[in-house]
Amino acid sequence: MADYDVDLFVIGGGSGGVRAARIAANYGARVMLAEEYRMGGTCVIRGCVPKKLFVYASHVHEEIKDAAGFGWNIPSATFDWATLVANKDKEIARLEAAYTGNAEKAGARVVKARAVFEDAHTLRLSTGETVRPKYILIATGSTPSHGAAIPGIEHVISSDEIFHLPAFPKRIVIQGGGYIALECACIFAGLGADVTLVYRGDNILRGFDKDVRAHVRSEVEKAGITVLTGTTVSKVEKQREGFAAHLSGRSTIAADQVLFAIGRHPNVKGLGLEKAGVALNPANGGIAVDAFSQTNVPHIYAVGDVTHRINLTPVAIREGHAFADTVFGKRPVRVDHAEISTAVFSQPQVGTVGLTEAEARAQFTHVDIYKTDFRPIKATLSGSQSRVLMKLIVDGTSDRVLGCHIVGPEAAEIVQAVAIAVKMKATKADFDATMALHPTSAEELVTMRTPTQRYVREAAE
């Protein structure tokens, strides 16, 4: 042990890195953690948390509009962007302090510095200090990708910048069709902006169930968001006021901001991985790891978005905890990446767990689909034309529920509970035997009795 300055050095103070540092320190390890920007990482500082706060803000206008149907006469309300940003900043600062405090209380030493590899066993900090750890954990997360360079790319912002814009953009063009682009579109639309969503594919939310994709697009278009598919931004031009976004179809849209949210890539640049001999996964550009998050260099591990496995905060936390249990708790733990629930905090919200219809039909010979599309009870008085989608994917042979997909209010909260049942391999009969909780939207999950579609794949001759 005398040959090492610390037992564990963690590069990155995000959710995965901090969890690993805390658990390792609890096992008695000497831990040092370096974060070059702000503790909390993408999720806390410029991702999930500020995003969700902005989502709440974007819902207020709709709630005020709906209130009239319930007898409330609310005077004209105004929105102040600066107040929202300032209040968000206070909460993020509180969480950042909590992340630092929790790591230090566990016994880890936190340094505000960039750490890069000098060689496989030595790290150099931007402070000039060098450290020789016994184990190294890379948890540097991901960073936005703007894609191929286009004229005027320097005028484009990413999702990292939206939480600090000096002024609210009354007109915004957003390129991308994934959950980040859609969430940003719904936030700005809910706050009163004129929003155009531009996506190169045939429909938004690639990778989600086809019915979810169709339903969400219909709902956001009803809400006033312009969705242009099969299109890209080919040029961004600075104007006297704002920008002109030139599209591949040769049309032009005036905007106060142009946001690209076309994906994120692993944050591996400049870490000196080549000096350490750490291999990247050629398929996704992330750090290549095994089931225990170990790289090709035995004492170096990586967790979270930098591995580009499943880029979700709870996954990074689970991987960081499992790493510490495995290496310092002497209790090998593999993270199960199957049946991970996820949400899109769009308007309407999406919650999903398990297989899509397409995935189930590719893997199973008999697939039953249970689907319902209805107007929620609140809409009967509010006058809203929004509709809820609920869909269960069932193995027609074993009766096991393979997937659940919901679009509507509180979809994420509902799916978090349903995910337990899916993980436990509950059957459709288990759902049917569960008494409905009335009146709720979620009761539809236990009252759908007849398949809306049945698919049987004939065996190959």
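All residue numbers here refer to positions counted from 1 along the written sequence of the relevant chain. Residues qualify for local features only when their pLDDT is at least 70, as the model is predicted, and side-chain atom pairs are given and counted only at 80 or more; totals for whole chains, interfaces and linings, by contrast, use all residues. To get the side-chain values, take all heavy atoms of the structure and skip hydrogens and water.

### A few points about the overall build of the chain
So, step 1. In terms of regular secondary structure, the chain is built from 13 helices and 23 strands.
So, step 2. In terms of overall size, the chain behaves like a compact globule, its C-alpha atoms giving a radius of gyration of 24 Å where 461 residues would be expected to give roughly 23 Å.
So, step 3. In terms of overall dimensions, the chain has C-alpha extents of about 70 × 65 × 50 Å along its principal axes.
So, step 4. Burial status follows relative accessibility: with a 1.4 Å probe on protein chains alone, a residue under 20% of its type maximum counts as buried, one over 50% as exposed, and anything between as partly exposed. When burial is assessed residue by residue, the chain has 49% of its 461 residues classed as buried.
So, step 5. When contacts within the chain are restricted to residue pairs at least 6 apart in sequence, those whose partners lie at least 24 apart make up 63%.
So, step 6. Per-residue accessibility takes into account occlusion by the displayed protein chains alone, with areas from the Shrake-Rupley method and a 1.4 Å probe. As displayed, the chain offers around 21,800 Å² of accessible surface, 53% of which is attributable to carbon and sulfur atoms.
So, step 7. Charged side chains in the chain number 51 positive and 50 negative. The centres of these two groups are separated by 2 Å. Note on conventions: DSSP H or I runs of at least 4 residues are helices, E runs of at least 2 residues are strands, and numbering of each starts at the N terminus. Here the globule rule is a power law, 2.2 Å times the number of residues to the power 0.38, and the radius of gyration is based on C-alpha atoms. In this description, contact between two residues means that some pair of their heavy atoms is separated by no more than 4.5 Å. We treat Lys and Arg as the positive residues and Asp and Glu as the negative residues; His and chain ends play no part in the count. Taken as the charge location is NZ of Lys, CZ of Arg, CG of Asp or CD of Glu.

### Quick look at the sheet that holds strand S6 (residues 130-131)
So, step 1. Sheet architecture is open: three strands sit in the order S4-S5-S6, paired in antiparallel fashion. Bordering the open sheet on either side are strand S4 (115-119) and S6, each of which pairs with just one other strand.
So, step 2. Think of it this way: DSSP has to see at least two bridges between two strands before they count as a pair. In the sheet, strand S5 (residues 122-125) pairs with S6 via two bridges, with the strands oriented antiparallel. Considered in S6, the bridge of Arg124 is made with Thr130.

### Section: the sheet that holds strand S10 (residues 194-199)
Backbone-to-backbone hydrogen bonds pair the strands of a sheet. The strands run either parallel or antiparallel.
So, step 1. One open sheet accounts for four strands, arranged S11-S10-S9-S15; its pairing is parallel. Two strands in the sheet have a free side with no partner beyond their single neighbour: strand S11 (226-229) and strand S15 (257-260). For this sheet, the mean angle separating the axes of adjacent strands, direction not counted, is 15°.
So, step 2. Pairing geometry for S10 and S11, over four bridges, is parallel. Note that in S11 the partner of Leu197 across the bridge is Val227.
So, step 3. Only C-alpha atoms enter the line fits that serve as axes; for helices the fit covers just the stretch in contact. Angles between N-to-C directions range over 0 to 180 degrees. Where helix H5 (residues 179-190) meets the sheet, its contacts fall on strand S9 (171-175), S10 and S15, and the angle it forms with S10 comes to roughly 165°.

### Some details on the domain arrangement of the chain
So, step 1. An automatic or database domain assignment supplies the residue ranges for each domain. Domains assigned within the chain are domain 1 (6-141 + 267-328), domain 2 (145-262) and domain 3 (341-453).
So, step 2. The gap between the C-alpha centroids of domain 1 and domain 2 is 26 Å.
So, step 3. Each partner contributes residues to the interface: domain 1 has 16 residues there, and domain 2 has 16 residues.
So, step 4. In short, buried area is how much 1.4 Å probe accessible area vanishes from two parts on joining, totalled over both. Of all residues in domain 1, Arg46, Lys51 and Trp81 bury the most surface against domain 2, accounting for 43% of the area lost on that side.
So, step 5. Among the ionic pairs, Lys51 bridges to Glu183, the shortest N-O distance being 2.9 Å.
So, step 6. Polar contacts, as used here, are pairs of N or O atoms within 3.5 Å; protein pairs need one atom able to donate a hydrogen and one able to accept it. Residues neighboring in sequence count only if both atoms are side-chain atoms. On the surface where domain 1 and domain 2 come into contact, there are three residue pairs in polar contact (both at pLDDT 80 or more).
So, step 7. Every element with two or more residues in the side of domain 1 that touches domain 2 is listed here: helix H3 (48-67) and helix H4 (81-105).
So, step 8. Sort the elements by how many residues they give to the side of domain 1 that touches domain 2 and H3 lands first, with seven residues.
So, step 9. Classifying every residue of the side of domain 1 that touches domain 2 by side-chain character gives eight nonpolar, four polar and four charged. When a carboxyl oxygen of Asp or Glu is within 4 Å of a side-chain nitrogen of Lys or Arg, the pair counts as a salt bridge. Polar here means any residue outside two lists: the nonpolar Ala, Val, Leu, Ile, Met, Phe, Trp, Tyr, Cys and Pro, and the charged Asp, Glu, Lys and Arg; Gly therefore counts as polar.

### Side note on the packing of helix H1 (residues 15-26) against helix H8 (residues 313-327)
How two helices pack is summed up by the angle between their axes together with the distance between the axes.
So, step 1. One way to put it is that H1 packs onto H8 with a least axis distance of 7 Å and a crossing angle of 25°. On the basis of their axis angle, the class for H1 and H8 is roughly parallel. As for how H1 packs across H8, the hand of that crossing is right-handed. Across the interface between the two elements, Ser15, Gly16, Arg19, Ala20, Ile23 and Ala24 of H1 pack against Thr313, Ala316, Ile317, Gly320, His321, Phe323, Ala324 and Asp325 of H8.
So, step 2. Among the residues making up the contact of H1 with H8, the classes are represented as seven nonpolar, five polar and two charged. Between 65 and 115 degrees an angle is taken as roughly perpendicular, under 35 as roughly parallel, over 145 as roughly antiparallel, and anywhere else as oblique. Each crossing gets its hand from how the near helix is turned against the far one by less than a right angle, where anticlockwise is left-handed and clockwise is right-handed.

### A closer look at the nonpolar core
So, step 1. Remark: nonpolar core denotes a set of buried residues (Ala, Val, Leu, Ile, Met, Phe, Trp, Tyr, Cys) joined through side-chain atoms within 4.5 Å. Ranked by internal contacts, the top residues of the largest apolar core, which has 41 residues, are Trp81, Ile174, Leu182, Phe188 and Val216.
So, step 2. If you list the elements that add at least two residues to this core, you get H3, H4, S9, H5, S10, helix H6 (210-222) and strand S18 (342-344).
So, step 3. Here this core gets seven residues from one element, more than from any other, and that element is H5.
So, step 4. Not counting residues up to four positions away in its chain, the partners in contact with Val216 are Leu182, Ile204, Leu205, Val350 and Val407.

### Observations regarding the environment of Glu129
So, step 1. Tracing the chain through its elements places Glu129 in the loop between S5 and S6.
So, step 2. The exposure class of Glu129 is partly exposed, given its relative accessible area of 28%.
So, step 3. With 197 residues separating them along the chain, Glu129 and Thr326 place their C-alpha atoms 29 Å apart.
So, step 4. There is a polar contact of 3.4 Å between the side chain of Glu129 and the side chain of Arg109.

### Examining unusual backbone geometry
So, step 1. Here the residue pair Gln347 and Pro348 is connected by a cis peptide bond, since its omega of 15° sits within 30 degrees of zero.
So, step 2. Positionally, Pro348 belongs in the loop between S18 and strand S19 (350-354).
So, step 3. The omega angle of the peptide bond from His438 to Pro439 is -5°, so this bond is cis rather than trans.
So, step 4. Its location among the elements puts Pro439 in the loop between helix H12 (428-432) and helix H13 (444-447).
So, step 5. The phi torsion at Asp399 lies on the positive side, around 75°, for a residue other than glycine.
So, step 6. In this fold, Asp399 is placed in the loop between strand S21 (388-395) and strand S22 (401-407).

### A word on the UniProt feature "domain: FAD/NAD(P)-binding" (unreviewed entry) in the chain
So, step 1. Within this structure's numbering, the places UniProt gives as "domain: FAD/NAD(P)-binding" (unreviewed entry) are residues 7-320.
So, step 2. Taken end to end, residues 7-320 is 32% helix and 23% strand, and its first and last C-alpha atoms sit 16 Å apart. UniProt positions are given in the numbering used here, feature names are shortened, and annotations may be inferred rather than shown by experiment.

### Some remarks on the pattern of salt bridges
So, step 1. A complete count under the given rule lists 33 salt bridges for this structure.
So, step 2. Arg46 is paired through a salt bridge with Asp160; the nearest N and O atoms lie 3.7 Å apart. Of this pair, Arg46 sits in helix H2 (residues 41-46) while Asp160 is found in the loop between strand S8 (142-144) and S9, placing the two residues 114 residues apart along the sequence.
So, step 3. Under the relative-accessibility criterion, Asp160 is labelled buried at 16%.
So, step 4. Where Glu319 meets Arg309, a salt bridge forms, and the shortest distance between an N and an O atom there is 3.2 Å. Of this pair, Glu319 sits in helix H8 while Arg309 is found in the loop between strand S17 (300-302) and H8, placing the two residues ten residues apart along the sequence.
So, step 5. What makes Glu319 buried here is its relative accessible area of 2%.

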